[in-house]
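Descriptive analysis of the structure
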Amino acid sequence: MTVTMSDLYTSRTERTAAIVSRQEPVVYPDPVGSQPLSKAQLRDYEGNGFLLLPDLFNAQEVQALLGNVEAMSSDPGILSREEAVVEKGSQAVRSIFRVHELSELIARLVRDPRVLDVARQILGSDVYVHQSRANLKPGFTGKEFYWHSDFETWHIEDGMPQMRALSCSVLLTDNNVCNGPLMLVPGSHRQFISCTGQTPDDHYKESLRKQEYGVPDPISLRLLVDQGGIEAITAKAGSVIFFDCNTLHGSASNISPWPRANVFTVYNSVENSVGDPKQGLTPRPAHVATRGQFAALKPLNGPLLES
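What comes next concerns the included structure.

Remarks on the overall build of the protein chain
Assigned secondary structure in the protein chain consists of nine helices and 13 strands. Taking 2.2 N^0.38 as the reference for a compact globule, 307 residues should give roughly 19 Å; the C-alpha atoms of the protein chain span a radius of gyration of 18 Å, in line with that estimate. Expressed as a percentage of the 307 residues in the protein chain, the buried residues total 52%. Long-range pairs, those at least 24 residues apart, make up 86% of the contacts in the protein chain between residues at least 6 apart in sequence. On the protein chain, roughly 13,500 Å² of surface is accessible, and the fraction owed to carbon and sulfur atoms is 52%.

Okay, here's the thing in structure tokens:
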């Protein structure tokens, strides 16, 4: 007789919303390669579900990366591709996906030991890029990203088995309290919110602009915020935020005159590669979720900026 394990993280079914305890570690043992984080930093990440590393990249590196992203966001050849996502109701660029393959500089960035070794240390294994993108929030018009857990989407729509992935956001502009900084709910990574509503096929075409399925219900969100609060990350350009795949996060619209931009990389353990999406959904395209190419990233040998 074959025994089938039920999905611990069922979501977007006919059942009501639920909060489920996380089953996997947050920081994994036996890291590979170097170990850039101290024990205190690992404890902070494990407890909060995120970690800010200030001033990891210098001004010259930031300027080169920002110029690279700005050039892509005005390149007709890139804007005509599905990788470019524009805001609802306008042609303002919201995100550009698969930037580590569209840009040689960002291909080097995702392998830079300053970020790659942190991912490998936390996840306790070699990693690959599940997703990369540049996020843009121009002054006055940049739109919000509503509250969500990335893992909920990656589990349901991409077939990611376990919570063994993290996001790395390299800030390319100063993030202040006014320009729509990333907001996170400390401690929320230890609870999975099972969301309501069944997912339409090709949901990504709308969700990358405004997510309506896979978002937490107000009661569950309030319970986790009452427990952990909300922390808005304000930091200078060149700083990096690492956060667990299940940490609830979002950001408000930018009605300030100061733009916000970042390069966002999802590192997934090579031991956690994606399978079939749940509920018979069609897999999202490779520029949104890497599929079939799970080779471990090798650390960059040399400086980020080539002379």
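So, the pattern of salt bridges
Inspection of every chain in the model, using the stated rule, returns 14 salt bridges. Across the salt bridge formed by D244 and R22, the nearest N and O atoms sit 2.9 Å from each other. One end of the pair, D244, is in strand β11 (residues 240-244); the other, R22, is in the loop between β1 (18-21) and α1 (39-48), and 222 residues separate them in sequence. When the shortest N-O distance is used, the salt bridge between R120 and D117 registers 3.3 Å. Of this pair, R120 and D117 both sit in helix α6 (residues 113-123), separated by three residues, roughly a single helical turn.

A closer look at the sheet that holds strand β2 (residues 50-53)
Pairing is antiparallel across the open sheet formed by seven strands, whose spatial order is β2-β11-β7-β13-β5-β4-β3. Both outer strands of the open sheet, β2 and β3 (84-86), are each paired with one neighbouring strand and no more. Averaged over neighbouring strand pairs, the angle between their axes works out to 20° when direction is ignored. Of the pairings in the sheet, the one linking β2 to β11 comprises four bridges and is antiparallel in character.

Some thoughts on the environment of D158
Relative to the helices and strands, D158 resides in helix α7 (residues 150-158). Here R284 takes part through its side chain, which lies 2.7 Å from a polar atom of the side chain of D158.

Quick word on the sheet that holds strand β6 (residues 145-148)
If you walk across this open sheet you meet the four strands as β6-β12-β8-β10, and the pairing is antiparallel. Either end of the sheet is taken by a strand with one partner, and the two such strands are β6 and β10 (231-232). In this sheet, strand β12 (residues 249-251) lies alongside β6 in antiparallel orientation, the contact comprising two bridges. Bridge pairing in β12 links F145 to S251.

Quick look at the nonpolar core
Ranked by size, the top nonpolar core spans 42 residues in total, and within it F242 and Y267 carry the most contacts. Looking at this core, the element that brings in the most residues is α6, giving six residues. Aside from chain neighbours lying at most four places away, what touches Y267 is L109, V110, V115, L116, A119, L123, V127, Y128, A165, L166, C168 and L297.

Section: the environment of Y45
Looking at the element boundaries, Y45 is found in helix α1. With 227 residues separating them in the primary sequence, Y45 and N272 have C-alpha atoms 20 Å apart. Within the structure, Y45 has its side chain in polar contact with the backbone nitrogen of D244 (distance 3.1 Å).

Observations regarding a nonpolar patch on the surface
Taken together, the side chains of I19, I219 and L223 define a hydrophobic patch exposed on the protein surface, amounting to about 280 Å² of accessible area. Tracing the sequence through the fold places L223 in helix α9 (residues 218-228). Residue L223 is classed as partly exposed on the basis of its relative accessible area, which comes to 44%.

Brief notes about the packing of aromatic side chains
For the structure shown, the criterion picks out five aromatic pairs. Taken together, a centroid distance of 5.4 Å and an interplanar angle of 90° make the contact between Y9 and F151 edge-to-face. With a gap of 142 residues between them, Y9 in the segment before β1 and F151 in helix α7 connect regions that are remote in the sequence. Neither Y9 nor F151 differs from the other in exposure class; each is buried.

Quick word on unusual backbone geometry
Excluding glycine, residues mostly carry a negative phi; peptide bonds, for their part, are mostly trans. Even without glycine at this site, R98 takes up a positive phi of about 60°. With a phi close to 60°, Q279 is a non-glycine residue in the positive phi region. Along the polypeptide, Q279 turns up in the segment after β13 (260-269). You can call Q279 partly exposed: its relative accessible area is 42%.

Thresholds, definitions, all that
- Residues numbered from 1 in each chain as written.
- Predicted model: local features only at pLDDT ≥ 70, side-chain atom pairs only at ≥ 80, totals over all residues.
- Heavy atoms only, no water.
- Helix = DSSP H or I, 4+ residues; strand = E, 2+ residues; numbered from the N terminus.
- Rg over C-alpha atoms; globule rule 2.2 N^0.38 Å.
- Buried < 20%, exposed > 50% of the residue type's maximum accessible area, 1.4 Å probe, protein only.
- Contact = heavy atoms within 4.5 Å.
- Areas by Shrake-Rupley, 256 points an atom, 1.4 Å probe, with all protein chains shown as cover.
- Salt bridge = Lys/Arg side-chain N within 4 Å of Asp/Glu carboxyl O.
- Pairing = 2+ DSSP bridges.
- Axes fitted to C-alpha atoms, helices over the stretch in contact; angles between N-to-C directions.
- Polar contact = N/O pair within 3.5 Å; in protein donor to acceptor, adjacent residues only side chain to side chain.
- Core = buried A, V, L, I, M, F, W, Y, C linked by side-chain atoms within 4.5 Å.
- Patch = residues over 30% accessible without salt bridge, like charges linked within 9 Å, V, L, I, M, F, W, Y side chains within 5 Å.
- Phe/Tyr/Trp six-rings, centres within 6.5 Å; stacked < 30°, edge-to-face > 60°.

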